[in-house]
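Structure assessment
Here is what each chain is made of, one letter per residue.
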Amino acid sequence: MSYLKTSGIVIKEVNTGEADRIITVFSKNKGKISALAKGARRPKSHLVAGTQLLCYSEFVLFKGKDMYSVNSCDVIESFYDIRNDLERLTYAAHMIDIVNDVILENQPASRLLQLFLNSLYMLSKTDKLPLQIVRIFEIRLLSTIGYAPWVSSCTECGSTLFDSMHFSFLKCGFLCTKCVEKDKGALRISEGAAKALNYIVHSKMNNLFSFEVSENVLEELGKVSQRYMKDRLEKNYNKLDFIKTLSV
Ligand SMILES: [Zn+2]
């Protein structure tokens, strides 16, 4: 019988049978994996903790005929703070939706996993604005999977005057005031938003979250990110709408 040892985070759990769980794991070595965790809902099971949503664990999985089954899992980080806070959990669920769509089986995606884990860490352990974390996550994720927008200069003339930029969804990047006639639908953005976009696409992973933006800039990032994500992934992600109902 062959087995697989990998770290990974549970992005979906479904109850099955009397006390079993089928989990979807975003794994370091094999991308998306489905695995049966037998007896994982029994309180005394050694699988009970590590097979819950958002648990990041070291897994040992046996490869069965149809799917993997979990032999053991040692929790590395449970992200307990997120699972017990409805608002944070909603932000995490939004990120899970996106991740679940872009990762594939048997395709290692270690940079994406690192981005996801870092984003969850920021959401769980810091008081950074959750919406800012999510916007950074979205834009960096699109960049990581091959849709990096051209945001270091104007896509037409190479101008780096960040106070005169528009974001063109047609050109997948910046157009300066002089070149904006190439796409009349381009969105005018502030200097702060232009700089933030450039930072998010190009900064080192370790420094990705270490900047602050104003409320206005955050709103601009949201407009760019949501439309760009819809264009590239051809889907609307609407879990964050639920946040609005929480703040009423
Ligand atoms: Zn230009």
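Our subject in this report is the structure included herewith. Sequence positions are assigned chain by chain, starting from 1 and proceeding in written order. Thresholds applied to this predicted model are a pLDDT of at least 70 for local features of residues and 80 or more for the giving and counting of side-chain atom pairs; totals over whole chains, interfaces and linings are not thresholded and use all residues. Only hydrogens and water are set aside when side-chain values are computed; all heavy atoms of the structure are taken into account.

Let's shift gears to the sheet that holds strand β1 (residues 3-16). Only strands joined by at least two bridges in the DSSP assignment are considered to pair. Elements are defined by DSSP. Helices are runs of H or I of four residues or more, strands are runs of E of two residues or more, and each kind is numbered from the N terminus. Ordered by their spatial adjacency, five strands build a closed barrel running β1-β2-β3-β5-β4, and the pairing between neighbours is mixed. On average, each strand axis in the sheet is tilted by 50 degrees relative to the strand beside it, whichever way the strands run. In terms of strand pairing, β1 meets strand β4 (residues 56-63) through seven bridges, oriented antiparallel. Residue pairing for β4: Ile9 is matched across the bridge by Tyr56. Should any heavy atoms of two residues lie within 4.5 Å, those residues are counted as being in contact. Comment: axis = line fitted to C-alpha atoms, over the contacting stretch for helices; angle = value between 0 and 180 degrees taken between N-to-C directions. Set on the sheet, helix α3 (residues 110-125) makes contact with β1, β2 (20-27), β4 and β5 (68-77); between it and β1 the angle comes to about 60 degrees.

In the contact formed by helix α2 (residues 86-102) and α3, the axes pass within 11 Å of each other and the chain directions differ by 175 degrees. For the element pair α2 / α3, the angle class is roughly antiparallel. Only Leu112, Phe116, Ser119, Leu120, Leu123 and Ser124 of α3 make contact with α2, whose side of the interface consists of Arg88, Tyr91, Ala92, Met95, Ile96, Val99 and Val102. When grouped by side-chain class, the residues that make up the contact of α2 with α3 number 10 nonpolar, two polar and one charged. Our angle categories are set so that under 35 degrees counts as roughly parallel, over 145 as roughly antiparallel, 65 to 115 as roughly perpendicular, and the remainder as oblique. Each residue is assigned to one class: nonpolar for Ala, Val, Leu, Ile, Met, Phe, Trp, Tyr, Cys and Pro, charged for Asp, Glu, Lys and Arg, and polar for all the others, Gly among them.

This part is about the environment of Val14. Following the sequence through the fold, Val14 ends up in strand β1. Buried means the residue's accessible area, taken with a 1.4 Å probe over protein chains only, is under 20% of the maximum for its type, while exposed means over 50%, and partly exposed covers the values in between. The exposure class assigned to Val14 is partly exposed, which follows from its relative accessible area of 40%. Residues Val14 and Asn207 lie 193 residues apart in sequence; the distance between their C-alpha atoms is 35 Å. If we skip the residues at most four places from it in the chain, Val14 touches Asp20, Arg21 and Ile22.

Here a pair means two rings of Phe, Tyr or Trp (six-membered ring of Trp) with centres within 6.5 Å. Their orientation is stacked below 30 degrees between planes, edge-to-face above 60, and tilted elsewhere. Here the structure, examined in full by the defined rule, presents eight aromatic pairs. Both rings, one in Phe116 and one in Phe137, keep their centres 6.2 Å apart while their planes meet at 50 degrees; by these two values the pair is tilted. Of this pair, Phe116 sits in helix α3 while Phe137 sits in helix α4 (residues 130-147), placing them 21 residues apart in sequence. Here, a charge over a ring means that NZ of Lys or CZ of Arg falls within 6 Å of the ring centre while also lying within 35 degrees of the ring normal. Sitting over the ring of Tyr68, Lys63 keeps its end group 5.2 Å from the ring centre.

So, about the pattern of salt bridges. The salt bridge definition used is simple: a Lys or Arg side-chain nitrogen within 4 Å of an Asp or Glu carboxyl oxygen. Applying the stated criterion to the full structure yields 13 salt bridges. Residues Glu13 and Arg21 are paired through a salt bridge, measuring 3.2 Å at the closest nitrogen-oxygen approach. On the basis of relative accessibility, which here comes to 32%, the residue Glu13 falls in the partly exposed class. Owing to a relative accessible area of 8%, Arg21 belongs among the buried residues under this scheme. Connected through salt bridges with shared partners, the residues Glu77, Asp81 and Lys125 form a single ionic network.

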